[in-house]
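Structure assessment
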Amino acid sequence: MIRVRAVVEGRVQGVWYRESCRREAVAESVAGWVRNNEDGSVEAVLEGEAHAVARVLAWMRTGPPSAIVTNVRVTEEEPRHEQGFKVR
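Residues numbered from 1 in each chain as written. Predicted model: local features only at pLDDT ≥ 70, side-chain atom pairs only at ≥ 80, totals over all residues. Heavy atoms only, no water.

Time to look at the packing of helix α1 (residues 17-27) against helix α2 (residues 50-60). Relative to each other, α1 and α2 sit at 155 degrees, their axes nearing to 10 Å. Taken together, the axis directions place α1 and α2 in an arrangement best described as roughly antiparallel. The two elements α1 and α2 meet at a crossing, and its hand is right-handed. Contacts between α1 and α2 involve Y17, S20, C21, E24 and A25 from the former and V56, W59 and M60 from the latter. For the contact of α1 with α2, the per-class residue count stands at six nonpolar, one polar and one charged. (Axes fitted to C-alpha atoms, helices over the stretch in contact; angles between N-to-C directions. Helix = DSSP H or I, 4+ residues; strand = E, 2+ residues; numbered from the N terminus. Parallel < 35°, antiparallel > 145°, perpendicular 65-115°, else oblique. Left-handed = near helix turned anticlockwise from the far one by under 90°. Contact = heavy atoms within 4.5 Å. Nonpolar A, V, L, I, M, F, W, Y, C, P; charged D, E, K, R; others polar.)

Let us now look at the environment of A6. As for its placement among the helices and strands, A6 is situated in strand β1 (residues 2-11). Here the alpha-carbon distance between A6 and V42, two residues 36 residues apart in the chain, equals 8.2 Å. Setting aside residues up to four positions removed in sequence, A6 forms contacts with V42, E43, A44, L57, M60, V72, R73 and V74.

Glancing now at the side chain of S20. The residue S20 is located in helix α1 in this model. For S20, a relative accessible area of 18% translates into the label buried. If near-sequence neighbours (up to four positions away) are discounted, S20 is found in contact with W59 and P64. (Buried < 20%, exposed > 50% of the residue type's maximum accessible area, 1.4 Å probe, protein only.)

Most of strand β3 (residues 42-48) is tucked away, with seven of its seven residues classed as buried. Bridge analysis of β1 against β3 gives seven bridges, and the strand direction is antiparallel. Each residue of the ladder has a partner; that of R5, found in β3, is V45. In terms of strand pairing, strand β2 (residues 31-36) meets β3 through six bridges, oriented antiparallel. Bridge pairing in β3 places A31 opposite E47. Counting the residues that bridge the hairpin from β2 to β3 gives five residues, and of these G40 lies at a positive phi of roughly 95 degrees. (Pairing = 2+ DSSP bridges.)

Just distances and angles here, no functional claims.
Here it is, written out as structure tokens:
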């Protein structure tokens, strides 16, 4: 079990990024949350099996079709045993 925090920059708000991210996370059985930040970025916490988290992070580097991702900053954190995946 691993936990990461990802901050995604680019054109990632107003393009269904958060809901698409939720769907990807649920499909991979990854728990956590995703939210918009005031600076225009999207932030997500992903917690689950390393291979599943890696697949969601790979998707986040592209995002949904209307998104333009310019950068993804990832930091590791201690797992907190999140349940489910929420859009905040």
